[in-house]
Amino acid sequence: MTTSEQTCTLSDRTCAPCSGGIPALNRDAASAHLAQLTSDWSLDADAKTLSRHFKFKGFAKATYLANLCAWLADQQGHHPDIRFGWGYVDVQLTTHEIDGLSENDFIWAAKLDQLVV
Ligand SMILES: C[C@H](O)[C@H](O)[C@H]1CNC2=NC(N)=NC(=O)C2=N1
């Protein structure tokens, strides 16, 4: 494996279809992937969900971001749970097929980070 392959960043990758049958990332692996994202993301206590909370002034910007997430989800074939309302959007990622986190979740989060910079 060349160094360029080793340094392929999460946002350059694409989510792979997940039909189960792989182990969820353990806490250490999830934490190592978390370190590659912006500091706004956090893991839940079980290291099964990756979350980010966005704050906005008003409702229109919240709906724009919710729609951007919907577009990215369909583009990647990997779908977050999105909750939004006046002044906020909550994005939660987990890989349902394996009841935990996979690289798809971190690839997805890294791509969103690129879109909202
Ligand atoms: C075949 C396809 O990859 C699966 O149905 C996808 C669709 N989107 C998904 N999104 C999420 N968050 N978890 C999944 O397990 C999942 N599975």
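Note that the coordinates shown come from a computational prediction; the quantities given were computed from them, not determined experimentally.

Trainee: Would you explain the overall build of the chain in this entry?
Mentor: A count of helical and extended segments in the chain gives four helices and four strands. Taken from the N to the C terminus, the helices and strands of the chain come in the order α-α-β-β-α-β-β-α. Its C-alpha radius of gyration of 14 Å places the chain within 12% of the 13 Å reference for a compact globule of 117 residues. Dimensions of the chain along its principal axes, counting C-alpha atoms only, are 45 × 30 × 25 Å. Buried residues in the chain amount to 40% of all 117 residues. Look at the contacts in the chain between residues 6 or more apart in sequence, and 65% of them connect residues 24 or more apart. Here the chain has roughly 6900 Å² of accessible surface; of this, 52% comes from carbon and sulfur atoms. Measuring between centres, the 9 positive side-chain charges of the chain sit 9 Å from its 14 negative side-chain charges.

Trainee: Quick question: what am I supposed to make of the packing of aromatic side chains here?
Mentor: Working definition: an aromatic ring pair is given by the centre-to-centre distance plus the angle between the planes. Counting across every chain of the model gives two aromatic pairs. Between Phe54 and Phe56, the ring centres sit 6.4 Å apart and the planes meet at 5°, which makes this aromatic pair stacked. By relative accessible area, Phe56 is classed as partly exposed at 23%.

Trainee: What should I look at first to understand the site of the ligand in this one?
Mentor: Around the ligand, the structure places Pro17, Cys18, Gly77, His78, His79, Thr94, Thr95, His96 and Glu97. Cys18 is positioned with one of its backbone polar atoms (N or O) 3.1 Å from an oxygen atom of the ligand. A distance of 2.8 Å is found between a nitrogen atom of the ligand and a backbone nitrogen or oxygen belonging to His79. About the coverage of the ligand: the protein hides 72% of its 390 Å² of free accessible area. Grouping the constituent residues of the shell around the ligand by class yields two nonpolar, six polar and one charged.

Trainee: It is not clear to me how the sheet that holds strand 2 (residues 50-55) should be interpreted in this structure. Could you clarify?
Mentor: Working definition: the strands of a sheet are paired by backbone hydrogen bonds and lie parallel or antiparallel to each other. In spatial order, the strands read 1-2-4-3; together these four strands make up an open sheet with antiparallel pairing. Sheet topology places strand 1 (42-43) and strand 3 (81-85) at the edges, where each strand pairs with a single neighbour. Bridge count for strand 2 against strand 4 (residues 88-93) is six bridges, and the pairing is antiparallel. Across the sheet, residue Lys55 finds its bridge partner in strand 4, namely Tyr88. On the sheet, helix 4 (residues 103-116) packs against strand 1, strand 2 and strand 4 and is oriented at approximately 20° with respect to strand 2.

Trainee: Where do I start with the nonpolar core in this structure?
Mentor: The nonpolar side chains of a soluble globular protein tend to be buried, and buried together. In terms of nonpolar packing, the biggest core is built from 23 residues, with Leu37, Trp41, Leu50, Val91, Phe106, Trp108 and Leu112 touching the most fellow members. For this core, the elements supplying multiple residues, two or more each, are strand 2, helix 3 (60-76), strand 4 and helix 4. Counting residues per element, this core draws most heavily on helix 4, which supplies six residues.

Trainee: Just checking my understanding: could you explain the pattern of salt bridges for this structure?
Mentor: Oppositely charged side chains are able to pair whenever their charged atoms sit close together. Scanning the model with the defined rule gives four salt bridges in all. Between Glu103 and Arg13 there is a salt bridge; the shortest N-O distance is 2.4 Å. Of the two residues, Glu103 is situated in helix 4 and Arg13 in the loop between helix 1 (3-6) and helix 2 (27-34); the sequence distance between them amounts to 90 residues. Relative accessible area serves as the criterion here: at 30%, Glu103 is assigned to the partly exposed category. Overall, Arg13 belongs to the partly exposed group, its relative accessible area being 28%.

About the criteria used
Residues numbered from 1 in each chain as written. Predicted model: local features only at pLDDT ≥ 70, side-chain atom pairs only at ≥ 80, totals over all residues. Heavy atoms only, no water. Helix = DSSP H or I, 4+ residues; strand = E, 2+ residues; numbered from the N terminus. Rg over C-alpha atoms; globule rule 2.2 N^0.38 Å. Buried < 20%, exposed > 50% of the residue type's maximum accessible area, 1.4 Å probe, protein only. Contact = heavy atoms within 4.5 Å. Areas by Shrake-Rupley, 256 points an atom, 1.4 Å probe, with all protein chains shown as cover. Lys, Arg positive; Asp, Glu negative; His and termini not counted. Charge placed at Lys NZ, Arg CZ, Asp CG, Glu CD. Phe/Tyr/Trp six-rings, centres within 6.5 Å; stacked < 30°, edge-to-face > 60°. Near = heavy atom within 4 Å. Polar contact = N/O pair within 3.5 Å; in protein donor to acceptor, adjacent residues only side chain to side chain. Nonpolar A, V, L, I, M, F, W, Y, C, P; charged D, E, K, R; others polar. Pairing = 2+ DSSP bridges. Axes fitted to C-alpha atoms, helices over the stretch in contact; angles between N-to-C directions. Core = buried A, V, L, I, M, F, W, Y, C linked by side-chain atoms within 4.5 Å. Salt bridge = Lys/Arg side-chain N within 4 Å of Asp/Glu carboxyl O.

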